[in-house]
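One letter stands for each residue in the lines below.
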Amino acid sequence: MKLDIFEYIYNQGEPNEWIVEECKLSQINLIVGKNASGKSRIVKSIDLLSKLLTESGSLRANSRKDEWHLYFDIDQPEKKTEYILKLERGLVIQEKLIIGTGTQPLLDRGESGKGKIWAEELEKEMLFQTPQMELAVVKRRDAIQHPFLDQLYEWSHSFRFYEFGTQLGKDTIARIPPTIDLLKNRTDFKDYDYVVGIFVIGAKEIGDTFTETIIEDMKKIGYNVSEIGIKVPSGLIDSDIPSPDDQNDLPQFLYVKEVDLRSITEQSEMSQGMFRALSLFIQINYSLLASKPSCIVIDDIGEGLDYQRSSSIIKLLIEKAETGLVQLIMTTNDEFIMNGVPLEYWSVIERKSGISKLHNTFNTKEKFDQFEFIGLNNFDFFTSNFHLQKFTEEE
């Protein structure tokens, strides 16, 4: 499934109401905007929904109101999917799922929890009631009667969200259990703090291809790495080369060997920029090689990297997304990154009072096309608010 249209309303009718107007997305997307324009809030609201749809389906009481309206695969009439979810104070007020060309919902329930759902084997609608603090699309999953619910679950389960401007797991270490099955049971693949465990799993399950791909990616952005592995932090042992038994008992973290250095560089010694890139490549490549992600979202991409490396990492991520294996959504307000990403992938935020509207080639195509003939760089499109300007015929 590919997310094509996203709408979101936070605390409707309240003084702090915030709305994301219809946002149409492509296979590759760069959301740009000034500070406090809503870049992070937009992608975090998508991530929040993915977590609600992936976890137990049980909600927690709170004081907020949230409403999502999502469309998937709109260019495939038979697969087109529409999902609506409205929550108030941790209770479901409305939930609806429509798939295909018809307008009849396959699932439809209101705030009482009562609703109707299509039963595949019975070939008819059936009544159901789900508690208000539970999502029906999660709780009613049934591979025989309601197989259509699995599609939404799989999208959310394989959704990945990374905040590039954070530690991305740099301050975490991990105890590695004796079996891969046990390690996988203890690993949250949606949480980037589990990067050490994800690396071990990828190396075991996928083999040399996994590690070699990460090394090649690091080289492409200017880190000449020849080896990646895990080890016990030097501060926890008397020797840099502990016995296998010691390694099983002590927590471990990542290290790299750079070609032009005689010794390895431990996780704690890596620059923040280097580790962010390493962590991102470990987790993205595991997703691409093992679990086929639906969507990868990276907030503040390139934060902490120099111009050359930030440009290179963007180019590399776009190349991976152009294979069609994953939908890529990134956010930035960095000049270098904007200049390195073609305008066809841009969505520029227009911030009004309590509303964020995204301008891109879907709804403002004429402006994007006009700018290509001016000869300025992409960042000028952003700073001049070109997408909002009105010109006369003479101009």
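The structure displayed is predicted, hence computed values, not measured ones. (Residues numbered from 1 in each chain as written. Predicted model: local features only at pLDDT ≥ 70, side-chain atom pairs only at ≥ 80, totals over all residues. Heavy atoms only, no water.)

### Focus: the packing of helix 1 (residues 39-54) against helix 3 (residues 149-157)
Reasoning step 1: Closest axis-to-axis distance for the helix 1/helix 3 pair is 8 Å, and the angle between their directions is 125°. With respect to helix 3, the axis of helix 1 lies oblique. For the pair helix 1 and helix 3, the sense of crossing is left-handed. Note on element contacts: helix 3 touches helix 1 through Leu152, Tyr153, Trp155, Ser156 and His157, opposite Ile46, Ser50, Leu53 and Thr54.
Reasoning step 2: When its residues are assigned to classes, the contact of helix 1 with helix 3 shows five nonpolar, four polar and no charged. (Axes fitted to C-alpha atoms, helices over the stretch in contact; angles between N-to-C directions. Helix = DSSP H or I, 4+ residues; strand = E, 2+ residues; numbered from the N terminus. Parallel < 35°, antiparallel > 145°, perpendicular 65-115°, else oblique. Left-handed = near helix turned anticlockwise from the far one by under 90°. Contact = heavy atoms within 4.5 Å. Nonpolar A, V, L, I, M, F, W, Y, C, P; charged D, E, K, R; others polar.)

### Concerning the packing of aromatic side chains
We describe a pair of aromatic rings using the distance from one ring centre to the other and the angle between the two ring planes.
Reasoning step 1: Under the defined criterion, the tally for this structure stands at 16 aromatic pairs.
Reasoning step 2: Geometrically, the ring pair formed by Phe381 and Phe386 is tilted, given 5.8 Å between the ring centres and 40° between the ring planes.
Reasoning step 3: With a relative accessible area of 7%, Phe386 lands in the buried category.
Reasoning step 4: Members of the aromatic cluster, connected to one another through ring pairs, are Trp346, Phe368, Phe371, Phe381 and Phe386. (Phe/Tyr/Trp six-rings, centres within 6.5 Å; stacked < 30°, edge-to-face > 60°. Buried < 20%, exposed > 50% of the residue type's maximum accessible area, 1.4 Å probe, protein only.)

### Some remarks on the pattern of salt bridges
Reasoning step 1: A complete count under the given rule lists 14 salt bridges for this structure.
Reasoning step 2: Where Glu216 meets Lys219, a salt bridge forms, and the shortest distance between an N and an O atom there is 3.8 Å. Of this pair, Glu216 and Lys219 both sit in helix 6 (residues 208-220), three residues apart, which is roughly one turn of the helix.
Reasoning step 3: The exposure class assigned to Lys219 is partly exposed, which follows from its relative accessible area of 36%.
Reasoning step 4: The closest approach of N and O atoms between Lys231 and Glu266, which form a salt bridge, is 2.7 Å. With Lys231 in strand 11 (residues 225-231) and Glu266 in strand 13 (residues 265-266), this pair connects stretches of sequence that are 35 residues apart.
Reasoning step 5: According to the relative accessible area criterion, Lys231 is buried, its value standing at 9%. (Salt bridge = Lys/Arg side-chain N within 4 Å of Asp/Glu carboxyl O.)

### Side note on a negative patch on the surface
Reasoning step 1: Together, Glu319, Glu322, Glu344 and Glu372 line one region of the surface with negative charge.
Reasoning step 2: Within the fold, Glu344 resides in the loop between helix 10 (335-340) and strand 16 (346-352). (Patch = residues over 30% accessible without salt bridge, like charges linked within 9 Å, V, L, I, M, F, W, Y side chains within 5 Å. Areas by Shrake-Rupley, 256 points an atom, 1.4 Å probe, with all protein chains shown as cover. Lys, Arg positive; Asp, Glu negative; His and termini not counted. Charge placed at Lys NZ, Arg CZ, Asp CG, Glu CD.)

### A word on empty space enclosed by the protein
Reasoning step 1: This model, assessed by the stated rule, comprises two cavities of 30 Å³ or more.
Reasoning step 2: As a volume, the largest cavity reaches approximately 50 Å³.
Reasoning step 3: Along the walls of the largest cavity sit Ile284, Leu288, Ile296, Leu317, Lys320, Ala321, Val326 and Leu328, which together make up its complete lining.
Reasoning step 4: Secondary structure elements with two or more residues in the lining of the largest cavity: helix 8 (272-291) and helix 9 (307-321).
Reasoning step 5: Examining the composition of the lining of the largest cavity, we find that three residues originate from one element, helix 9, more than from any other.
Reasoning step 6: Of the residues assigned to the lining of the largest cavity, the class counts are seven nonpolar, no polar and one charged.
Reasoning step 7: There is about 30 Å³ of room inside the second largest cavity.
Reasoning step 8: Taken together, Lys24, Ser26, Ile28, Asn29, Glu344, Tyr345, Trp346, Ser347, Asn360, Thr361 and Phe362 make up the lining of the second largest cavity.
Reasoning step 9: Each residue belonging to the lining of the second largest cavity can be placed in one class, and the counts come to four nonpolar, five polar and two charged. (1 Å grid on protein atoms, 1.4 Å probe; cavity = no way out; pocket = protein on both sides within 12 Å on 5 of 7 lines; lining within 4 Å. Points joined across faces, edges and corners; volume = space filled by probe spheres on them.)

### Concerning the sheet that holds strand 12 (residues 253-258)
Reasoning step 1: The antiparallel open sheet is built from three strands, whose spatial order is 11-12-13. Two strands lie at the open edges of the sheet, namely strand 11 and strand 13, each paired on one side alone.
Reasoning step 2: Bridge count for strand 12 against strand 13 is two bridges, and the pairing is antiparallel. Among the inter-strand pairings, Val256 is bridged to a residue of strand 13, identified as Thr265.
Reasoning step 3: Running at roughly 110° to strand 11, helix 5 (residues 195-205) makes contact with strand 11 and strand 12 of the sheet. (Pairing = 2+ DSSP bridges.)

### Topic: the nonpolar core
Here is a general trend for soluble globular proteins: nonpolar side chains tend to be buried in one another's company.
Reasoning step 1: Leu278, Ile298, Ile301, Ile313 and Trp346 are the most contacted members of the largest nonpolar core, which totals 65 residues.
Reasoning step 2: No other element matches helix 8, which puts ten residues into this core.
Reasoning step 3: Core analysis: the next-biggest nonpolar cluster, separate from the first, contains 44 residues, Val43, Trp68, Leu152 and Trp155 among them. (Core = buried A, V, L, I, M, F, W, Y, C linked by side-chain atoms within 4.5 Å.)

### Here we look at the side chain of Arg276
Reasoning step 1: Topologically, Arg276 is positioned in helix 8.
Reasoning step 2: Discounting residues that sit within four places of it in the chain, Arg276 has contacts with Phe164, Gly165, Thr166, Leu168, Glu303 and Gly304.

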